[in-house]
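Here are the chains, one letter per residue:
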Amino acid sequence: MEIFLDSSDINEIKLLNKANLVDGITTNPSLLSKSGNDFKNVLKDICKEVSGPVSAEVTATDLPGMLKEAEILKKIAKNIIIKVPLTWNGLQACEILSKKKTKVNVTLCFSPTQALLAAKAGASYISPFIGRLDDIGENGVELIQEIKSIYKNYKNINTKILAASIRSVEHVIKVAKIGADVATIPTKIFKELYKHSLTDKGLESFLSDWKKSGMQI
Ligand code: E4P
C-alpha cells in the first residue's frame, strides 16, 4: 500500500520524508488555509520535496470554474493531481480532465455508487473519507471494502482507492488488509506507525547488556 501524507505542513513533510517512505501528499483547502502562506508557494515547496503525486483541490463549484482552476493548479508542478469534489460538476470535470490525460483525485466520497461513477468518469484516485463516516455512526472501513469488491469486478477500472480521513493506526491496518491502494495519513498518525513500547524497551535492554560487556563494533 502506498502511503501519502495528508498535510500542507512543509516542515513536517520534510521531516517524515527523510526515510523516503512518503509516496505522495494530499492537501485540501482547509489544510492549505491553515498554512497561512501563499498556497501556490506551499504547493511548489511540497512538490519539490516529494516527487510522487501531490493532490491540489479546486475550490470553484461550477464546471467552467473547476476547469479554469485545474489549469492554474496543473501549472504549479508536474506532479500535481487535480482534486475535485464528488458533485455532479466534479464528475463532469473529472471526465473532461481525465480525457485530456490530467490525473484527477475525486474527493469527498461517502458511498459505493459515488465511487463507481468516479471510476467511470476516469478518476485516477477515489478518496473515500472513512473517519467522517465513523463520526456519523457509519462504518468507514466497510466502504473501502465495498469499493474494493466493486472495482475488482471490472478489469477496465484503473481508479486507485485512496483511503482518506484516517484517524487511527487501526484504520491504517484495516485498509491495508482490505488492499486499499493508498492511505493518506495525518502526520500525527504516521509517527505512530513505527512506534511500539516493546521496541523501545527491547533496545534499551540490548544496549545496556552490550555496554556491560565492554565490547565495541
Ligand atoms: C483527503 O484527501 C482529505 O484531505 C482528508 O483525508 C480529510 O480528512 P479529515 O476528515 O480528517 O479532515
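Report follows, based on the coordinates. Just so it is clear, the model here is predicted, and its values are computed rather than measured. (Residues numbered from 1 in each chain as written. Predicted model: local features only at pLDDT ≥ 70, side-chain atom pairs only at ≥ 80, totals over all residues. Heavy atoms only, no water.)

Details of the pattern of salt bridges
Where we set the bar: The term salt bridge refers to a pairing of a side-chain nitrogen on Lys or Arg with a carboxyl oxygen on Asp or Glu at a separation within 4 Å. For the purposes of this entry, the term helix denotes a DSSP run of H or I that reaches at least four residues, the term strand denotes a run of E that reaches at least two, and both are numbered from the N terminus. Partly exposed residues are those whose accessible area sits between 20% and 50% of the maximum for their type, while under 20% is buried and over 50% is exposed, using a 1.4 Å probe and protein chains only.
For the structure on display, the rule yields eight salt bridges. Taking the shortest distance from any N to any O, the salt bridge between aspartate 135 and arginine 167 comes out at 2.9 Å. Residue aspartate 135 is found in helix H7 (residues 130-135), and its partner arginine 167 is found in the loop between strand S7 (160-163) and helix H9 (169-178); the two are separated by 32 residues along the sequence. Accessibility expressed as a relative area gives 54% for aspartate 135, which makes it exposed. For arginine 167, a relative accessible area of 42% gives the class partly exposed. A salt bridge links lysine 188 to glutamate 192; its shortest N-O distance comes to 3.9 Å. Residue lysine 188 and its partner glutamate 192 are located together in helix H10 (residues 187-193), separated by four residues, close to a single helical turn.

A few points about helix H3 (residues 39-49)
An α-helix turns once per 3.6 residues; consequently, residues spaced three or four apart project the same way. Formally: The arc in question is traced by the directions running from the helix axis to the C-beta atoms. Whether two residues touch is decided by their heavy atoms; if any such pair falls within 4.5 Å, the residues are in contact.
For H3, every residue scored as buried is listed here: Val42, Leu43, Ile46 and Cys47. Across the axial projection of H3, the buried residues extend over an arc of 130°, all falling on one side. Buried positions along H3 lie against helix H1 (10-16), strand S2 (24-26), helix H2 (29-35), strand S3 (54-57), helix H4 (63-74) and strand S4 (80-85).

With respect to the side chain of asparagine 105
Filter applied, for reference: Side-chain atoms alone can form a polar contact between residues adjacent in sequence; in general such a contact is a pair of N or O atoms within 3.5 Å, and within protein one must be able to donate a hydrogen while the other accepts it.
Tracing the sequence through the fold places asparagine 105 in strand S5 (residues 104-109). At a separation of 2.8 Å, a polar atom in the side chain of asparagine 105 contacts the side chain of serine 127.

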